[in-house]
Amino acid sequence: MIEGISAITFATHDMRRAVHFYRSLGFEILHGGEASPFTSFRAGTGYLNLTVQPDKRWSWWGRVIFYVADVDALYERALAAGWQPGTTPRDAEWGERYFHLTDLDGHELSFARPLRP
């Protein structure tokens, strides 16, 4: 039986700008950095990894959903950093408050919080 997800790894064309993007949203670097071919961030009890793939082209792959303490506060942080979320925070019929943001390499991110404990 699957117990959980340890990490997700995204390819990036430009590590420097990808690291800047995720750090601006509050992700903590655990390994690597702007000059590294591989960077790992803390994502709750798991990890978000980045690996450089400068010559690869990819199409839409899906979306990763991160649960956060305060959806609206993170939305405001993203705006303050100059990012343009694809949606504003809203309450969904499936019981979460969320918004979507696409990173600079086209990876779709959703930041959410259950409406009920």
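Caption draft 1: Just the packing of aromatic side chains, in detail. Evaluation of the coordinates by the stated rule reveals eleven aromatic pairs. When the ring of F10 is compared with that of Y22, the centres are 6.5 Å apart and the planes differ by 35°; the resulting orientation is tilted. Placement of the pair is F10 in strand 1 (residues 7-12) and Y22 in helix 1 (residues 15-24), with a sequence separation of twelve residues. With relative accessibility at 0%, the residue Y22 sits in the buried group.

Caption draft 2: The sheet that holds strand 7 (residues 96-102), seen in detail. Spatially, 5-8-7-6 is the arrangement adopted by the four strands of the open sheet, whose pairing is mixed. Both edges of this open sheet fall to strand 5 (63-67) and strand 6 (90-91), since each of them pairs with a single strand only. Both strand 5 and strand 8 (residues 108-114) contribute to a ladder of five bridges, which runs parallel. Bridge assignment links I65 to a residue of strand 8, and that residue is S110. Along the sheet, helix 2 (residues 71-80) contacts strand 7 and strand 8; its crossing angle with strand 7, the most-contacted strand, is approximately 20°.

Caption draft 3: Focus on the layout of surface pockets. The space that makes up the largest pocket amounts to roughly 430 Å³. Lining the largest pocket are 20 residues; nearest its centre among them are A43, G44, I65, F66 and Y67. Elements with a contribution of two residues or more to the lining of the largest pocket: strand 1, strand 3 (38-43), strand 4 (46-52), strand 5 and helix 2. Within the lining of the largest pocket, the residues separate by chemical class into 14 nonpolar, four polar and two charged.

Caption draft 4: Main features of the nonpolar core. Within the largest apolar cluster, 23 residues are counted, with the highest numbers of intra-cluster contacts made by Y22, L25, F27, L50, L101, L109 and F111. For this core, the secondary-structure elements that each account for two or more residues are helix 1, strand 4, strand 5, helix 2, strand 7 and strand 8. Tallying contributions element by element places helix 1 first for this core, with five residues. Ignoring any residue separated from it by four or fewer positions in sequence, one finds F27 in contact with Y22, F41, R42, A43, L48, F66 and F111.

Caption draft 5: Here's a closer look at the sheet that holds strand 1. Sheet architecture is open: four strands sit in the order 1-4-3-2, paired in mixed fashion. With one partner strand each, in any of the chains shown, strand 1 and strand 2 (28-31) form the two edges of the open sheet. Neighbour-to-neighbour, the strand axes of this sheet turn through a mean angle of 30°, independent of strand direction. Where strand 3 and strand 4 come together, six bridges link them in antiparallel fashion. Paired with A43 across the two strands is G46, which belongs to strand 4. Where helix 1 meets the sheet, its contacts fall on strand 1, strand 2, strand 3 and strand 4, and the angle it forms with strand 4 comes to roughly 155°.

Caption draft 6: Quick look at the pattern of salt bridges. Enumeration over the complete set of coordinates arrives at six salt bridges. D105 is paired through a salt bridge with R17; the nearest N and O atoms lie 3.0 Å apart. One end of the pair, D105, is in the loop between strand 7 and strand 8; the other, R17, is in helix 1, and 88 residues separate them in sequence. In this structure, the salt-bridge partner of D72 is R97, at a minimum N-O distance of 2.8 Å. Of this pair, D72 sits in helix 2 while R97 is found in strand 7, placing the two residues 25 residues apart along the sequence. A residue is classified by how much of its surface remains accessible, and D72, at 33% relative accessible area, is partly exposed.

Parameters and conventions
Residues numbered from 1 in each chain as written. Predicted model: local features only at pLDDT ≥ 70, side-chain atom pairs only at ≥ 80, totals over all residues. Heavy atoms only, no water. Phe/Tyr/Trp six-rings, centres within 6.5 Å; stacked < 30°, edge-to-face > 60°. Helix = DSSP H or I, 4+ residues; strand = E, 2+ residues; numbered from the N terminus. Buried < 20%, exposed > 50% of the residue type's maximum accessible area, 1.4 Å probe, protein only. Pairing = 2+ DSSP bridges. Contact = heavy atoms within 4.5 Å. Axes fitted to C-alpha atoms, helices over the stretch in contact; angles between N-to-C directions. 1 Å grid on protein atoms, 1.4 Å probe; cavity = no way out; pocket = protein on both sides within 12 Å on 5 of 7 lines; lining within 4 Å. Points joined across faces, edges and corners; volume = space filled by probe spheres on them. Nonpolar A, V, L, I, M, F, W, Y, C, P; charged D, E, K, R; others polar. Core = buried A, V, L, I, M, F, W, Y, C linked by side-chain atoms within 4.5 Å. Salt bridge = Lys/Arg side-chain N within 4 Å of Asp/Glu carboxyl O.

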